[in-house]
Amino acid sequence: MLRSAQWAEVVGRDALYKEFVFKDFNQVHITLSTHDCGGLSTRDITLATFIDQVSVL
């Protein structure tokens, strides 16, 4: 699901990355990873999904 939403895996890290472009801002780079678990957690996936939902508002 996140791949179809254009989230990509960060090479060399257990993290997700996506760049957003809005008409009000030049660009927004977001990288998600959880330090406590040493990489991606279910919370990162939940946050990425939420970010995609609110970015279209």
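Note: the structure precedes this text.
Think of each chain on its own: its residues are numbered from 1, step by step along the sequence as written. In keeping with the predicted nature of the model, local features appear solely for residues at pLDDT of at least 70, side-chain atom pairs appear and are counted solely at 80 or more, and the whole-chain, interface and lining totals rest on all residues. To obtain the side-chain values, all non-hydrogen atoms of the structure were included, while hydrogens and water were left out.

> Before we go on, may I ask you to explain the overall build of the chain in this structure?
Strands are runs of DSSP state E lasting at least 2 residues, helices are runs of H or I lasting at least 4, and numbering of each runs from the N terminus. In terms of helices and strands, the chain carries one helix and three strands. The N-to-C order of helical and strand elements in the chain reads β-β-β-α. Throughout, a contact is declared for two residues whenever any of their heavy atoms are within 4.5 Å. Restricting to contacts in the chain with at least 6 residues of sequence separation, those with at least 24 account for 31%. Surface exposure here means Shrake-Rupley accessible area, sampled with a 1.4 Å probe, where a residue is shielded only by the protein chains that are shown. Entry remark: accessible area of the chain is about 4,500 Å², with carbon and sulfur atoms responsible for 55%.

> Would you take a moment to explain the pattern of salt bridges for this structure?
Pairing between side chains of opposite charge can happen when the charged atoms of each approach one another. Take a side-chain nitrogen of Lys or Arg and a carboxyl oxygen of Asp or Glu: if they are within 4 Å of each other, that pair is a salt bridge. Under the definition given, this model contains one salt bridge. Close ionic contact of Asp52 with Lys18 constitutes a salt bridge, the shortest N to O distance being 2.6 Å. One end of the pair, Asp52, is in helix 1 (residues 42–55); the other, Lys18, is in strand 2 (residues 16–20), with 34 residues separating them in the sequence. Pair check on accessibility: Asp52 and Lys18 agree, each one buried. Type-normalised accessible area, obtained with a 1.4 Å probe on protein chains alone, sets the label of each residue: buried when under 20%, exposed when over 50%, and partly exposed for intermediate values.

> Where do I start with a nonpolar patch on the surface in this structure?
Patch membership needs two things, relative accessible area over 30% and no salt bridge, and members are linked within 9 Å if like-charged or within 5 Å if nonpolar (Val, Leu, Ile, Met, Phe, Trp, Tyr). Side chains of Leu47, Phe50 and Val54 sit close together on the surface and give an oily, nonpolar patch of about 240 Å² of accessible area. The residue Phe50 is located in helix 1 in this model.

> Quick question: what am I supposed to make of the sheet that holds strand 2 here?
Strand pairs in the sheet, formed through backbone hydrogen bonds, run parallel or antiparallel to each other. The pairing criterion for strands is at least two bridges between them, as found by DSSP. Strand order in the open sheet formed by three strands is 1-2-3, and the pairing between neighbours is antiparallel. In this open sheet, the two edge strands, each paired with only one partner strand, are strand 1 (8–9) and strand 3 (28–32). One ladder, built from two bridges, connects strand 1 with strand 2; its direction is antiparallel. Looking across to strand 2, one finds that Ala8 is bridged to Tyr17. Lying on the sheet, helix 1 is in contact with strand 2 and strand 3; it crosses strand 2 at an angle near 10°. A fitted line through C-alpha atoms serves as each axis, taken over the contacting stretch for helices, and the angle formed by two N-to-C directions is quoted from 0 to 180°.

> I tried to follow the environment of Val21 on my own but got confused; where do I start?
Tracing the backbone through its elements, the reader meets Val21 in the loop between strand 2 and strand 3. For the pair Val21 and Ser55, spaced 34 residues apart in the sequence, the C-alpha separation amounts to 9.6 Å.

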